[in-house]
Amino acid sequence: MKRLVLALLVVFVVAAGCGDDEGNVFSLEEGQCFDDPQATGEISDVPIVECDEPHDNEVFFTFDLPDGDYPGDIAVQEQASEGCLGAFEGYVGLDYATSELDILFLSPTSDSWDQADDREVVCFLYRVDREKVTGTMQGSGI
């Protein structure tokens, strides 16, 4: 049975500029497609790809966690997971358990929460078999 893969990716605002094909993780929007970044650990940019071109991931939902003190890594992961799962079927057109897609998310860290007032969770889809997708996953029923 497919298991939800949780990801707590460390993201920080980095003052470096980005190229035309890079997108800042703090500005990703629903419906944008991107490839996996080459870097691991702290990332600030991902390679943006037009959705009609082969790509690894697609943003399907973004939301903010409630204001207040940083709730801790586990609480952030749980809230992010619940929010992403809740939006999955409405975007894909198929329930999560039956789908060939899986979920990852970008979420705030304690540093980004405190230093950049970061509360945003960015939920994105990818194929379980890690094959690239051509076209949007919205309404795909896969």
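Each remark here, short or long, concerns the structure printed above.
Residues numbered from 1 in each chain as written. Predicted model: local features only at pLDDT ≥ 70, side-chain atom pairs only at ≥ 80, totals over all residues. Heavy atoms only, no water.

1. Quick notes on the sheet that holds strand 6 (residues 120-127)
Pairing is antiparallel in the open sheet, where six strands are placed in the order 1-3-2-4-6-5. Since the sheet does not close on itself, it has two edges, and those belong to strand 1 (22-24) and strand 5 (101-106), each with one partner. The pairing of strand 1 with strand 3 (residues 45-49) spans three bridges and is antiparallel. In the strand pairing of strand 3, Asn-24 is matched with Asp-45. Here helix 1 (residues 73-92) sits on the sheet and contacts strand 4 (57-64), strand 5 and strand 6; the angle it forms with strand 4, its principal contact strand, is near 120°. (Pairing = 2+ DSSP bridges. Helix = DSSP H or I, 4+ residues; strand = E, 2+ residues; numbered from the N terminus. Contact = heavy atoms within 4.5 Å. Axes fitted to C-alpha atoms, helices over the stretch in contact; angles between N-to-C directions.)

2. Let's talk about the packing of aromatic side chains
Per the stated rule, a full pass over the model turns up six aromatic pairs. Ring centres of Phe-60 and Tyr-91 lie 6.0 Å apart, and the angle between their planes is 50°; on these two criteria the pair is classed as tilted. Highlighted residues: Phe-60 in strand 4 and Tyr-91 in helix 1, separated in sequence by 31 residues. Residue classification places Phe-60 among the buried residues on the basis of a relative accessible area of 2%. Joined through ring pairs, the aromatic side chains of Phe-60, Phe-88, Tyr-91 and Tyr-96 make up one cluster. The cationic tip of Arg-119 hangs over the ring face of Trp-113; the distance from NZ or CZ to the ring centre is 3.9 Å. (Phe/Tyr/Trp six-rings, centres within 6.5 Å; stacked < 30°, edge-to-face > 60°. Buried < 20%, exposed > 50% of the residue type's maximum accessible area, 1.4 Å probe, protein only. Lys NZ or Arg CZ within 6 Å of the ring centre and 35° of its normal.)

3. Section: the nonpolar core
By size, the foremost hydrophobic cluster in this structure holds 21 residues, and its most contacted members are Phe-60, Cys-84, Phe-88, Ile-103, Val-121 and Leu-125. Listing elements by their share of this core, those giving two or more residues are strand 4, helix 1, strand 5 and strand 6. If you tally residues by element for this core, the top one is helix 1, at seven residues. With sequence-adjacent residues up to four places away left out, Cys-84 is seen in contact with Phe-60, Phe-63, Ile-103, Phe-105, Val-121 and Cys-123. If you look at the next biggest cluster of nonpolar residues, it comprises 11 residues, including Val-25, Ile-43, Leu-106 and Phe-124. (Core = buried A, V, L, I, M, F, W, Y, C linked by side-chain atoms within 4.5 Å.)

4. Quick notes on the state of the cysteines
Tallying each qualifying case throughout the model produces two disulfides. There is a disulfide in this structure between Cys-33 and Cys-51, and the S-S distance comes to 1.9 Å. Residues Cys-33 and Cys-51 are joined by a disulfide whose S-S torsion is about 100°; by sign, that bridge is right-handed. Here the residue Cys-33 occupies a position in strand 2 (residues 33-34), and Cys-51 occupies one in the loop between strand 3 and strand 4, the gap between them amounting to 18 residues. Here Cys-33 matches Cys-51 in class, with each residue buried. Disulfide pairing is shown between Cys-84 and Cys-123; the S-S distance is 2.0 Å. Between Cys-84 and Cys-123, the disulfide has an S-S torsion of -85° and is therefore left-handed. Taken together, the residues span a long stretch of sequence, with Cys-84 in helix 1 and Cys-123 in strand 6 at a distance of 39 residues. (Disulfide = S-S within 2.5 Å.)

5. Examining helix 1
Relative to the 28 Å expected for 20 residues at 1.5 Å per residue, helix 1 spans 28 Å between its end C-alpha atoms, a close match to the ideal helical length. Taken as a whole, helix 1 has its buried residues at Val-76, Ala-80, Ser-81, Gly-83, Cys-84, Ala-87, Phe-88, Tyr-91 and Val-92. Of the surrounding elements, those touching the buried residues of helix 1 are strand 4, strand 5 and strand 6. Two residues or fewer past helix 1, Gly-93 is found with a positive phi of approximately 90°. (Expected span 1.5 Å × (residues − 1).)

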